[in-house]
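Observations on the three-dimensional arrangement
If you want the building blocks of each chain, they are given just below.
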Amino acid sequence: MTDRVILISGARKGIGRALAEYYLAQNWHVIGCSRQASDLEHACYRHIELDVNDEAAVKAMLTSIRKTEKRLDALINNAGIASMNAALLTPVSSLRRVLETNVIGTFLFCREAARLMQKNHFGRIVNFTTVAVPLNLEGEAAYAASKAAVESLTRTLARELAAHGITVNAVGPTPVQTDLLRGVPTEKLEDLLARQAIQRMGEVRDVINVIDFFLRPESDYITGQVLYLGGIS
Amino acid sequence: MNQNDVLAAVVEAVAEYNEQLEDEKKLELSPETRLLGKSSKLESFGLVNLIILVEEKLYEKFERSITLADERAMSQERSPFRSIESLAEYAFILLNESA
């Protein structure tokens, strides 16, 4: 078993799957989780099926990491859902679903992971936000509100966990071609790209680059930061 | 599991907590030891760490996951965190409720 252990939520597909494969290639021991089973097979990969907002399941997962891997160095809170709709047409059930996965899920993972990380007085937590927050994108009220909450959590937890040697930062990708963009009209994407300083679609490597930076041991003086891609600020 | 078993588990958690501390900050392993207030050696940061250790210890011993710092605990007139004994009493109630 390798020394460093990383937990990645939403690891079955999209950016999460790419992150799992990348950190396996970098010799990390990777624990991935998602609602469904994963077909990723690797000697250093373990997959756990759960809902990220299920408190008992998340607690049980961290208990199992404490017993099996015995440590946790990094957490990537990648799991997230979006909801594209005009605010005037958005049912509360959609808003609630988005908040439960994006806000409650992120909070729960941070809380339980930090409890294990603080034992070694070291930890790196990376949350996921979106450029929809600073851009106040129309049609993304529920999604952007949930990610604004994630940014606030990132800054507050950074202060609460600093004394434990744990940093908490967030990466805010521009659109990356994954399932999350399914159903977003092409003209909407083009409008969004036009508002970026660097006008291209984001790629997984752009996200990995930021996460790598936050995870580096040398980044121990960087916490509570939100880093947007594509020149959005 | 009776109240004394829970008290013993809490004391064990306090002993583990003490291992991280310098001698003058160590808590006495007695039921009367204060955890809150002026006469306590514990700072708020220390109390958070201690509660985490107690929850883990109770899970390890009794295989029940409880949340000690819940809204009920925070809203009580007499805080369950005032001493080792009161913390153990409160934990005993929560453990029984979660059975």
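Residues numbered from 1 in each chain as written. Chains lettered and ligands numbered in written order. Predicted model: local features only at pLDDT ≥ 70, side-chain atom pairs only at ≥ 80, totals over all residues. Heavy atoms only, no water.

The next subject is unusual backbone geometry. Residue and element names in this part refer to chain A. A positive phi angle, near 70 degrees, is found at N27, a position not held by glycine. Within the secondary structure layout, N27 lies in the loop between helix 1 (14–25) and strand 2 (29–34). For N27, a relative accessible area of 52% translates into the label exposed. Here K70, not a glycine, exhibits a phi torsion of approximately 70 degrees, which is positive. (Helix = DSSP H or I, 4+ residues; strand = E, 2+ residues; numbered from the N terminus. Buried < 20%, exposed > 50% of the residue type's maximum accessible area, 1.4 Å probe, protein only.)

What follows deals with empty space enclosed by the protein. Residue and element names in this part refer to chain A. Within this structure, the stated rule accounts for one cavity of 30 Å³ or more. Considered as a void within the structure, the largest cavity measures approximately 30 Å³ in volume. For the largest cavity, the full set of lining residues is S9, V52, N77, A79, T101, G105, T106 and F109. In terms of residue count, helix 3 (residues 92–117) provides more of the lining of the largest cavity than any other element does, four residues in total. In terms of residue class, the lining of the largest cavity is built from three nonpolar, five polar and no charged. (1 Å grid on protein atoms, 1.4 Å probe; cavity = no way out; pocket = protein on both sides within 12 Å on 5 of 7 lines; lining within 4 Å. Points joined across faces, edges and corners; volume = space filled by probe spheres on them. Nonpolar A, V, L, I, M, F, W, Y, C, P; charged D, E, K, R; others polar.)

Here we come to the packing of aromatic side chains. Residues and elements named next belong to chain A. Following the criterion strictly, the structure yields three aromatic pairs over all chains and no others. Between the aromatic rings of Y22 and Y23, the centroid separation amounts to 4.8 Å while the plane-to-plane angle is 85 degrees, which identifies the pairing as edge-to-face. Judged by relative accessible area, which is 23%, Y22 ranks as partly exposed. For the ring pair Y23 and W28, a centre distance of 5.8 Å and an interplane angle of 80 degrees mean the geometry is edge-to-face. Each residue in the set Y22, Y23 and W28 is aromatic and connected to the rest through ring pairs, giving one cluster. (Phe/Tyr/Trp six-rings, centres within 6.5 Å; stacked < 30°, edge-to-face > 60°.)

Another aspect to go through is the side chain of N77(A). Residues and elements named next belong to chain A. When you line up the elements, N77 lands in strand 4 (residues 74–77). The class of N77 is buried, set by a relative accessible area of 3%. Only 2.9 Å separates the side chain of N77 from the side chain of N127, close enough to count as a polar contact. Those residues in contact with N77 that lie beyond four places of it in its chain are S9, G105, T106, F109, C110, I125, V126, N127 and F128. (Polar contact = N/O pair within 3.5 Å; in protein donor to acceptor, adjacent residues only side chain to side chain. Contact = heavy atoms within 4.5 Å.)

Because an α-helix packs 3.6 residues into every turn, residues spaced three or four apart end up facing the same way. Given a rise of 1.5 Å per residue, 17 residues ought to cover 24 Å, and the 25 Å separating the end C-alpha atoms of helix 1 (residues 3–19) of chain B matches this to within 8%. Among the structural elements, helix 2 (44–62) and helix 4 (84–97) of chain B are those in contact with the buried residues of helix 1 of chain B. (Expected span 1.5 Å × (residues − 1).)

All right, on to the interface of chain A and chain B then. Every contact between the two is made by eight residues of chain A and, on the other side, ten residues of chain B. Interface area, chain A with chain B, both sides summed: about 780 Å², of which 42% is carbon and sulfur. Counting across the chain A and chain B interface gives three salt bridges. Note that E56(B) is salt-bridged to K119(A), the shortest N-O span being 2.8 Å. (Buried area = accessible area lost by both parts, 1.4 Å probe. Salt bridge = Lys/Arg side-chain N within 4 Å of Asp/Glu carboxyl O.)

Taken together, the side chains of E138(A), E187(A), E190(A) and D191(A) define an acidic patch exposed on the protein surface. By secondary structure assignment, the location of E190(A) is in helix 6 (residues 186–194). (Patch = residues over 30% accessible without salt bridge, like charges linked within 9 Å, V, L, I, M, F, W, Y side chains within 5 Å. Areas by Shrake-Rupley, 256 points an atom, 1.4 Å probe, with all protein chains shown as cover. Lys, Arg positive; Asp, Glu negative; His and termini not counted. Charge placed at Lys NZ, Arg CZ, Asp CG, Glu CD.)

Here we take up the pairing of strand 4 of chain A. Residues and elements named next belong to chain A. The two faces of strand 4 match: A74 and I76 on one face and L75 and N77 on the other face are all buried. Bridge analysis of strand 1 (residues 5–9) against strand 4 gives three bridges, and the strand direction is parallel. When the bridges of strand 4 are listed, L7 appears paired with L75. Across four bridges, the pairing between strand 4 and strand 5 (residues 123–128) is parallel. Each residue of the ladder has a partner; that of A74, found in strand 5, is R124. Regarding topology, helix 3 serves as the crossover connection from strand 4 to the parallel strand 5, and that connection is right-handed. (Pairing = 2+ DSSP bridges. Right-handed = clockwise from strand over helix to strand, strands pointing away.)

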